Amino acid sequence: MAVIEIEGLKKEYRRLRGGSTIAVNGLDLVVPEGGVFGFLGPNGAGKTTTVRCLLGLIRPTSGVTRLLGVDTQKDLKSVINRVGSIVETPSLFPGFSGRKNLELLGALQGISRARVAETLDRVGLGDRGNHRVKTYSLGMKQRLGIGAALLKDPEVLILDEPANGLDPAGIKEIRELLRGLGREGRTVFVSSHILSEVRQMCDHVAILARGQLIVSGAVDDVLHERSAGGFVVRLPELDRGLEVLKRAGMEAALADGSISVKLAADQAGSITKTLADEGLYLSELRPLEADLETVFLELTRDPAGQDATSDAPADAALQDPAAGASQ
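These figures come from a predicted structure and were not determined experimentally.

**Observations concerning the packing of helix α3 (residues 98–108) against helix α4 (residues 113–122)**
For any two helices packed against each other, the geometry is given by the interaxial angle and the distance between the axes.
Part 1 of the argument: α4 packs onto α3 with a crossing angle of 135° between their chain directions and a minimal axis gap of 10 Å. Comparing the axis directions of α3 and α4 gives the class oblique. Helix-helix and strand crossings are classified by hand; for α3 and α4 the assignment is right-handed. Seen from α3, the contacting residues are R99, L102 and E103; seen from α4, they are R113, V116, A117, T119 and L120.
Part 2 of the argument: Residues of the contact of α3 with α4, tallied by class, amount to 4 nonpolar, 1 polar and 3 charged.

This is the structure we're talking about:
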């Protein structure tokens with residue numbers, strides 16, 4: 001089942017001095033049910049604009065956005081209670097406790113204090129719930145914001161850059177929280193530009209550049225399809241091993257304390273035999289895979305050599321006749 005479906009999404013902003021900027025340009029995207037889905041792209045690639053269109057916060061120029069099978073531009077209210085979201089920085093009352101913030105929000109939606117207490121525990125703030133938010137670290141504030149999105153016990157979480165600005169400890173906290181939520185069967189849709197986190201956290205990924213989808217699929221599949229091919233070889237005598245492999249006619253080179261060998265996937269045995277015949281024994285032999293950063297930079301590179309970002313103006317909402325429209 002597809003939880004999120006986007007077809008032909010386009011969002012165009014008018015410039016104050018004339019002309020226009022296309023922030024999202026014919027985007028097609030399908031997000032399957034369950035797990036954590038990473039929505040990747042450089043800053044300015046159209047990620048937040050896409051999320052805003054999906055949540056009915058702005059009206060697309062054209063295209064269709066669906067959540068849980070419902071067109072969000074026509075009938076978002078029929079599914080909104082099944083969806084939790086954070087777009088940019090969560091809005092919190094710093095002088096109130098974390099618990100009070102969630103209780104005030106819950107009161108507007110008929111949510112009990114028991115559910116608030118349960119949610120605080122779920123995001124790891126049970127022992128700090130009575131402390132004022134202004135005493136919280138940035139990571140704790142982000143977790144409280146995710147708690148606010150979880151109050152309704154939603155099936156789908158849509159989070160825009162939830163780890164933005166966090167230190168490594170805060171990023172780890174958010175990563176573990178979101179992975180846990182994905183394992184519960186929820187669909188967690190996370191826009192991000194922190195590549196190392198996406199590899200550790202996400203089951204599926206889509207990469208956006210210049211407002212268009214470049215690639216989408218399971219993280220391992222995306223990396224495997226763009227693997228350079230070959231193997232990483234480690235052994236105690238690297239220099240001698242390199243010499244032996246080259247003498248055997250293999251294309252090999254030293255790389256980061258190992259030997260990189262370009263060879264077909266079914267020829268790993270020839271590496272082992274070639275080295276063993278010379279009295280050299282491996283400590284490691286594994287397929288050479290492309291890392292997410294390399295794939296990301298390759299896919300988002302502008303053919304003209306420019307940054308792969310849309311230049312949607314910072315004051316776009318002032319120029320968007322549909323800004324703030326919610327269905």
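The rest of the description comes next.
**So, the sheet that holds strand β8 (residues 187–192)**
Think of a sheet as strands paired side by side through backbone hydrogen bonds, with each pair either parallel or antiparallel.
Part 1 of the argument: On the basis of which strands lie adjacent, the open sheet formed by 6 strands has the order β6-β7-β8-β3-β9-β10 and mixed pairing. Edge strands, defined here as strands with exactly one partner in the open sheet, are β6 (83–86) and β10 (212–218). The mean angle between the axes of side-by-side strands here comes to 15°, regardless of whether they run parallel or antiparallel.
Part 2 of the argument: Looking at chain direction, strand β7 (residues 156–160) and β8 are connected through 5 bridges and run parallel. Counterpart to I158 in the pairing with β8 is F189.

**Considerations on the confidence of the model for the chain**
Part 1 of the argument: Predicted confidence across the chain gives a mean pLDDT of 85, with 86% of residues reaching 70 or more.
Part 2 of the argument: Mean pLDDT across the elements of the chain bottoms out in helix α12 (residues 316–319) (38) and peaks in strand β4 (residues 62–67) (96).
Part 3 of the argument: Note that pLDDT drops below 50 for residues 305–327; the model gives that stretch 53 contacts with residues more than four away or on any other chain.

**Quick notes on the packing of aromatic side chains**
The relative placement of two aromatic rings is captured by the distance of their centres and the angle of their planes.
Part 1 of the argument: For the structure shown, the criterion picks out 3 aromatic pairs.
Part 2 of the argument: Arranged with centres 5.8 Å apart and planes meeting at 15°, the rings of F37 and F189 form a pair that is stacked. In this pair, F37 sits in strand β3 (residues 35–40) while F189 sits in strand β8, placing the two residues 152 residues apart along the sequence. We note that F37, like F189, is buried.
Part 3 of the argument: Geometrically, the ring pair formed by F93 and F96 is tilted, given 5.6 Å between the ring centres and 45° between the ring planes.
Part 4 of the argument: A relative accessible area of 37% means that F96 is categorised as partly exposed.
Part 5 of the argument: In textbook terms, an aromatic cluster arises when at least three aromatic residues are bridged by ring pairs, as seen for F37, F39 and F189.
Part 6 of the argument: Its guanidinium or amino end placed over the ring of Y13, K11 lies 5.4 Å from that ring's centre, counting from NZ or CZ.

**Brief notes about the pairing of strand β12 (residues 251–255)**
Part 1 of the argument: As paired strands, β12 and strand β13 (residues 258–262) are joined by 5 bridges and run antiparallel to one another. Bridging across to β13, A255 finds its partner in S258.
Part 2 of the argument: From the end of β12 to the start of β13, which pair antiparallel, there are 2 residues, and D256 there has a positive phi angle of about 55°.

**Let's talk about the packing of helix α5 (residues 138–150) against helix α6 (residues 168–183)**
Part 1 of the argument: At a minimum axis separation of 10 Å, α5 and α6 run at an interaxial angle of 20°. The angle between the axes of α5 and α6 places the two elements in the roughly parallel class. Crossing hand, α5 versus α6: right-handed. Only E173, I174, L177, L178 and L181 of α6 make contact with α5, whose side of the interface consists of G139, Q142, R143, I146 and L150.

**A look at unusual backbone geometry**
Part 1 of the argument: The backbone phi angle of D153 is positive, close to 55°, even though this residue is not glycine.
Part 2 of the argument: Here D153 lies in the loop between α5 and β7.
Part 3 of the argument: Residue classification places D153 among the partly exposed residues on the basis of a relative accessible area of 45%.
Part 4 of the argument: Even without a glycine there, the phi angle at E161 is positive, about 50°.
Part 5 of the argument: Tracing the backbone through its elements, the reader meets E161 in the loop between β7 and α6.
Part 6 of the argument: Residue class for E161 comes out buried when judged on its relative accessible area of 12%.

What counts, and at which threshold
- Residues numbered from 1 in each chain as written.
- Predicted model: local features only at pLDDT ≥ 70, side-chain atom pairs only at ≥ 80, totals over all residues.
- Heavy atoms only, no water.
- Axes fitted to C-alpha atoms, helices over the stretch in contact; angles between N-to-C directions.
- Helix = DSSP H or I, 4+ residues; strand = E, 2+ residues; numbered from the N terminus.
- Parallel < 35°, antiparallel > 145°, perpendicular 65-115°, else oblique.
- Left-handed = near helix turned anticlockwise from the far one by under 90°.
- Contact = heavy atoms within 4.5 Å.
- Nonpolar A, V, L, I, M, F, W, Y, C, P; charged D, E, K, R; others polar.
- Pairing = 2+ DSSP bridges.
- pLDDT = per-residue confidence, 0-100.
- Phe/Tyr/Trp six-rings, centres within 6.5 Å; stacked < 30°, edge-to-face > 60°.
- Buried < 20%, exposed > 50% of the residue type's maximum accessible area, 1.4 Å probe, protein only.
- Lys NZ or Arg CZ within 6 Å of the ring centre and 35° of its normal.

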